[in-house]
Amino acid sequence: MDSTRSLHAAAILPEDAAQAVLVGRVWSKQADGPCPVVVRNGRLLDLSPISVTVSSLMEVDGLVERLKAASDLADLGSVDDFLSGAAGELLAPIDLQAIKAAGVTFADSMLERVIEEQAKGDATRALDIRTRLAPVLGDSLRGVVAGSEQAAKVKALLQDMNLWSQYLEVGIGPDAEIFTKSQPMSAVGCGARVGIHPMSEWNNPEPEVVLVLRSGGEIVGATLGNDVNLRDVEGRSALLLGKAKDNNASCSLGPFIRLFDAGFTLEDLGRVRVSLLVEGKDGFEMTGESPMEAISRKPAELARQLLNRNHQYPDGAVLFLGTMFAPVKDRRGAGQGFTHEIGDRVEIATPKLGRLVNWVDRSDACPEWTFGVGALMRNLATRGLL
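Numbers given to residues run from 1 along each chain, matching the order in which its sequence is written. Totals for whole chains, interfaces and linings use all residues, but because this is a predicted model, local features are given only for residues with pLDDT of at least 70 and pairs of side-chain atoms are given and counted only at 80 or more. Only hydrogens and water are removed before side-chain values are computed, so all heavy atoms of the structure are retained for them.

**Thoughts on the overall build of the protein**
Along the protein, the regular secondary structure elements total 13 helices and 18 strands. Relative to its length of 386 residues, the protein is compact, with a C-alpha radius of gyration of 21 Å against a globular reference of 21 Å. The buried share of the protein, reckoned over its 386 residues, is 59%. When checking whether two residues touch, look at their non-hydrogen atoms; a contact exists if any pair is within 4.5 Å. Look at the contacts in the protein between residues 6 or more apart in sequence, and 74% of them connect residues 24 or more apart. Computed with the Shrake-Rupley method and a 1.4 Å probe, the accessible areas treat only the protein chains shown as cover for residues. If you sum the accessible surface of the protein, you get close to 15,700 Å²; carbon and sulfur atoms cover 50% of it. Only runs of H or I of at least four residues qualify as helices and only runs of E of at least two qualify as strands under DSSP, and these elements are numbered from the N terminus. Throughout, radius of gyration means the C-alpha value; the globule benchmark is 2.2 Å times the number of residues raised to the power 0.38. The classification of residues rests on relative accessible area computed with a 1.4 Å probe and restricted to protein chains. Under 20% of the type maximum is buried, over 50% is exposed, and intermediate values are partly exposed.

Pasting the structure below:
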């Protein structure tokens with residue numbers, strides 16, 4: 001991160017950080033490797049004596065109480081020290097967990113996915129299709145509970161109108177779309193560059209709340225995420241979802257995991273509003289907001305569809321919950337909608353989880369992902385932590 005992209009703790013921490021239990025992960029120069037950390041009074045304290053990975057840390061029973069009572073933890077530096085690079089680097093606040101995502105969970109994003117499918121990845125056709133579909137799909141889908149009797153009636157109506165789509169099937173049908181967003185250890189953190197595949201000419205950020213789950217399925221906390229998406233690639237074929245979603249530096253998480261406690265619960269999470277700000281070097285600016293109350297499937301239901309007796313994640317998982325914000329503001333010309341440009345600053349925020357900030361670059365220009373599970377095990381062994 002260069003000096004023109006400086007961030008400060010006050011800008012990224014939750015508004016009530018002094019009361020929040022915030023867990024993260026850093027690359028520490030002092031420790032010569034990655035460390036799980038807890039935020040305390042703006043300082044990052046090393047949790048390696050409790051657990052050497054965030055994945056195993058989430059499995060600790062009574063974790064919130066233990067962290068609040070923990071003393072004699074090594075001070076690795078301030079949040080600002082890591083944002084500036086003086087003490088190391090702020091990493092994505094997860095490590096060995098599976099990185100999963102739920103798609104088409106808001107009515108507005110359902111509409112945009114249908115438009116992508118109809119346009120076959122051609123952004124210039126999207127405006128005309130949006131104009132024709134929005135009055136029908138927008139009004140019909142808002143407030144519909146996925147999998148309900150009402151949803152079945154809407155499905156029958158849209159089928160009669162020849163408007164049914166695979167995206168609507170997962171949007172309001174009984175089964176959610178849950179896919180692999182990225183690989184364990186591959187996500188980037190706050191302050192890093194996020195990658196857009198150079199083949200894409202129509203793409204966007206996806207500001208989302210991300211659940212953090214233990215291996216047994218318990219939801220223990222949440223963070224923010226950017227599910228970077230290539231709209232032209234996915235629009236060509238839903239079978240290209242992996243290519244549209246999983247590229248170098250295309251998954252961002254952070255800045256920290258907020259663990260649930262008496263002051264912040266899963267019910268509180270369901271009322272947050274996630275904002276998006278995109279600022280370009282060309283002077284372009286775009287804003288948007290996703291209220292979690294508008295989601296068509298509740299977070300707990302999505303978590304149950306992710307992790308259950310038929311599908312396990314022994315190292316835990318994180319789950320992107322989807323977004324209702326599908327940007328359509330014209331950028332390159334009238335009717336062409338939004339797409340990223342290199343150098344865009346992307347800010348995803350909500351007061352209770354903080355602010356996740358990244359800068360856009362090509363995926364082949366972002367640092368290569370080289371530190372995987374094997375490298376982590378070797379590093380921990382060298383440091384005498386295994």
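**Some words on helix 12 (residues 299–306)**
Of the residues making up helix 12, those classed as buried are Pro-299, Leu-302, Ala-303 and Leu-306. Buried residues along helix 12 cover an arc of 100° about the axis, so they all sit on one side. On the buried face of helix 12, the contacting elements are strand 6 (98–103), strand 7 (177–182), strand 10 (207–213), strand 11 (219–227), helix 11 (266–269) and strand 16 (317–320). The reported arc concerns the directions from the helix axis to the C-beta atoms and nothing else.

**Topic: the pattern of salt bridges**
In the sections that follow, a salt bridge refers to a side-chain nitrogen of Lys or Arg positioned within 4 Å of a carboxyl oxygen of Asp or Glu. Taken as a whole, this structure holds 23 salt bridges when the rule is applied. Residue Asp-16 pairs with Arg-258 through a salt bridge whose shortest N-O separation is 2.8 Å. Taken together, the residues span a long stretch of sequence, with Asp-16 in the loop between helix 1 (9–12) and strand 1 (22–28) and Arg-258 in strand 13 (residues 251–259) at a distance of 242 residues. Here Asp-16 and Arg-258 have matching classes, each one buried. A salt bridge links Asp-227 to Lys-245; the nearest nitrogen and oxygen atoms lie 2.9 Å apart.

**Looking at the environment of Glu-149**
On the secondary structure map, Glu-149 appears in helix 7 (residues 149–160). Exposure remark for Glu-149: the relative accessible area of 61% places this residue in the exposed category.

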